[in-house]
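If you want the building blocks of each chain, they are given just below.
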Amino acid sequence: MLGPSGHTDSFARDNLPPREEWPDFLLDGFDYPEHVNIGVELTDRLVERGFGDRTALIGNGRRRTYKELADWTNRLARALVEDYGVKPGNRILIRSANNPAMVACWLAATKAGAVVVNTMPMLRAGELTKIVDKAQVSLALCDTRLMDELVTCAKTSATLTQVVGFDGTANFDAELDRVALNKPVQFEAVKTGRDDVALLGFTSGTTGVPKATMHFHRDILIIADGYAREVLQVTPEDVFVGSPPLAFTFGLGGLAVFPLRFGAAATLLENASPPNMIDIIETYRATVSFTAPTAYRAMLKAMDEGADLSSLRVAVSAGETLPAPVFEEWTQKTGKPILDGIGATEMLHIFITNRLDDMAPATTGRPVTGYEARVVDADMNEVPRGSVGRLAVRGPTGCRYLADPRQRDYVRDGWNLTGDTFVQDEAGRFHFAARSDDMILSSGYNIAGPEVEAALLSHAEVLECAVVGVPDEERGQIVEAHVVLVDGVARDAATVKRLQDHVKATIAPYKYPRSVRFIDALPKTQTGKVQRFRLREDA
């Protein structure tokens, strides 16, 4: 049974999947009051515990204490309720790069009882429209430097009636900031239920049709009180740094939830390139890093050139599997652990991981306390150790899609099927084998091949195309497009660039094909289905 709700707008609870389609939730050891608000738990509660003068967020050249963050988010929450009419349970979309203002907006919206949808700044109007429509978003908060695509989205949206700008820099010079500055610093947060939806995490899926994963207030506490406490052993002395967008649940956990839950500090970078991350690590003596293997390779090279990363006590790698040579070189050069792990938007964060005292190259590790994992066949029977099969997992978090028939594909017999194939060895460690679907994992980003195909097919020079992921030493995988051109178009570098630029302008630029191969015809079955496996074999 779900606990009491603090939402007056019941959209989220009304659109939870049918109870019989839920995974099993293993909640032993994760006990929270019936009413809890994550916005309060990560700000005002820390002030009450004596952390008010400690640094909470570092970004855009400024430090903000826990007291400043609590006051700031209370003012913003008041503005949302009093000036923009936010009701508990309304969905609020936030569009921003990683900066303290985005975190403040997320926490404020959560205090106001809203269900938050964090989105990446690279998304285009068409991609935003799918999210807005799915979540029936009526209010969006947007960094004023990123308004264009969202305004374009709002012009044709049936639900998005307000787009309000905030200042993502340290200047507080935008509409929302000006309204909030006139508000008191006290705000009585909505008494949301622990089983109220706090966050909608969107994942594109292999079709490119977005799925919204629904996470409760208690879920957000669980990932901190489970993985961050047990595996990372976070203390108030820690300083976090990382590259994943806050719009990804991996980034939101690692760069906001985990540090703020334990009174630590988070450094936020709008452009988290390896050189910028290295600068932040050296400047603020960061201790915990979250990024993908690609960035750790760059850091290793920088260390050879004199970079000082000695403050890092633990490096967390996720988004793609960590190659053994990177693991070995990192541990040899730094003497510090690098922890590979696997998470999923559906599960909210990492659920299988290496540990500080139990890590090995080319392994994903063992389940986080509270989770169970097994490798199964098509009938959900556990396969013998050493055999390849589908990864099934269950624990205190799990998949709940917003009104989506794909719930039945992800959850089977109470287990979450993540779409990954794994092997479990005799010692009980899990080893990643491959993705089970057509998702392409590149530098930590999930890219749906069909979405890239649709963008390419909208170009006048493309007759047919198919997109696959191919191995790449730097990025894990890259997007490779196999393109049949219309007659008369040159198969040259200029055409490649035109197609790549077109994709970047049509969908988020990180999804563009880094490799383009021109072919006479796509390999197909007799029924006309493209045989992507043959393209992968050719690659």
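Remember, predicted model here, so these are calculated numbers, not experimental data.

**Student:** For this particular structure, what's the right way to read the sheet that holds strand β23 (residues 462–472)?
**Tutor:** Backbone hydrogen bonds are what pair the strands of a sheet, in a parallel or an antiparallel way. Across the sheet, three strands lie side by side as β23-β24-β25; this open sheet has mixed pairing. Because the sheet does not close on itself, it has two edges, and the strands there are β23 and β25 (515–518). Taken pair by pair, the neighbouring strands of this sheet meet at an average axis angle of 25 degrees, ignoring direction. Sheet topology places β23 next to strand β24 (residues 476–485); ten bridges connect them, and they run antiparallel. Of the residues in β24, the one forming a bridge with Val470 is Ile478. Sitting on the sheet, helix α15 (residues 449–457) is in contact with β23 and β24, with an inclination near 145 degrees to β23. On the sheet, helix α16 (residues 493–506) packs against β23, β24 and β25 and is oriented at approximately 125 degrees with respect to β25.

**Student:** In this structure, what is going on with the pairing of strand β9 (residues 239–242)? I would like to understand it.
**Tutor:** Residues in a regular strand project their side chains so that they alternate between the two faces of the sheet. With burial as the criterion, each face of β9 is covered, one bearing Val239 and Val241 and the other bearing Phe240 and Gly242. Bridging between β9 and strand β10 (residues 265–268) involves two bridges; their strand directions are parallel. Its bridge partner lying in β10, Val239 is registered against Ala265. The parallel pair β9 and β10 is bridged by helix α10 (residues 249–261), and the resulting crossover is right-handed. As paired elements, β9 and strand β11 (residues 288–291) share three bridges and run parallel to each other. In the sheet register, Gly242 faces β11, and the bridge partner there is Phe290.

**Student:** Even after reading the chapter, I still don't get the pairing of β11, so can you show me in this structure?
**Tutor:** Taking every second residue as pointing to the same face, both faces of β11 are buried, with Val288 and Phe290 on one and Ser289 and Thr291 on the other. Bridge analysis of β11 against strand β12 (residues 314–317) gives four bridges, and the strand direction is parallel. Counted as the bridge partner of Phe290 is Val316 from β12. Each parallel crossover has a hand, and the one from β11 via helix α12 (residues 293–304) to β12 is right-handed.

**Student:** Sorry, what's going on with empty space enclosed by the protein here?
**Tutor:** If a probe as big as a water molecule is rolled over the atoms, it shows which places are left empty. Tallying each qualifying case throughout the model produces two cavities of 30 Å³ or more. Approximately 50 Å³ is the volume found for the largest cavity. Lining the largest cavity we find Ile222, Ile223, Gly226, Tyr227, Met347, His349, Ile350, Val368, Tyr371 and Thr397. The dominant element in the lining of the largest cavity, judged by the number of residues it contributes, is helix α9 (residues 217–232), at four residues. Of the residues belonging to the lining of the largest cavity, the class tally is seven nonpolar, three polar and no charged. One number sums up the size of the second largest cavity: a volume of about 40 Å³. Along the walls of the second largest cavity sit Asn118, Leu199, Leu200, Gly201, Leu246, Ala247, Phe248, Thr249 and Leu252, which together make up its complete lining.

**Student:** I'm lost on the nonpolar core in this one. Help?
**Tutor:** In summary, soluble globular proteins display a tendency toward joint burial of nonpolar side chains. Leu80, Trp106, Leu141, Leu176 and Phe258 are the most contacted members of the largest nonpolar core, which has 93 residues in total. The residues touching Leu141, leaving out its near neighbours within four places in the chain, are Leu80, Ile92, Leu93, Ile94, Arg95, Cys105, Val164, Phe166 and Leu176. Among the nonpolar cores identified, the runner-up in size contains 53 residues, and Val115, Val132, Leu160 and Ile447 belong to it.

**Student:** What should I look at first to understand the layout of surface pockets in this one?
**Tutor:** Within this model, the second largest pocket holds a volume of roughly 420 Å³. Considering the residues around the second largest pocket, the lining is formed by 25 residues, among which Phe432, Ala433, Ala434, Arg435 and Gln477 are closest to the centre. Every element with two or more residues in the lining of the second largest pocket is listed here: β20 (430–435), β21 (439–442), β23 and β24. It is β20 that contributes the most residues to the lining of the second largest pocket, five residues altogether. In terms of residue class, the lining of the second largest pocket is built from eleven nonpolar, eight polar and six charged.

**Student:** Where do I start with the sheet that holds β11 in this structure?
**Tutor:** Read from one edge to the other, the open sheet built from nine strands follows the order β2-β1-β10-β9-β11-β12-β13-β14-β15, with strand pairing classed as mixed. Looking at strand neighbours, the two that pair on one side only are β2 (62–65) and β15 (366–367), the edges of this open sheet. The strands touched by α9 within the sheet are β9, β11, β12, β13 (338–343) and β14 (350–353), with β14 carrying the most contacts at an inclination of about 30 degrees.

Rules used in this analysis
Residues numbered from 1 in each chain as written. Predicted model: local features only at pLDDT ≥ 70, side-chain atom pairs only at ≥ 80, totals over all residues. Heavy atoms only, no water. Pairing = 2+ DSSP bridges. Helix = DSSP H or I, 4+ residues; strand = E, 2+ residues; numbered from the N terminus. Axes fitted to C-alpha atoms, helices over the stretch in contact; angles between N-to-C directions. Contact = heavy atoms within 4.5 Å. Buried < 20%, exposed > 50% of the residue type's maximum accessible area, 1.4 Å probe, protein only. Right-handed = clockwise from strand over helix to strand, strands pointing away. 1 Å grid on protein atoms, 1.4 Å probe; cavity = no way out; pocket = protein on both sides within 12 Å on 5 of 7 lines; lining within 4 Å. Points joined across faces, edges and corners; volume = space filled by probe spheres on them. Nonpolar A, V, L, I, M, F, W, Y, C, P; charged D, E, K, R; others polar. Core = buried A, V, L, I, M, F, W, Y, C linked by side-chain atoms within 4.5 Å.

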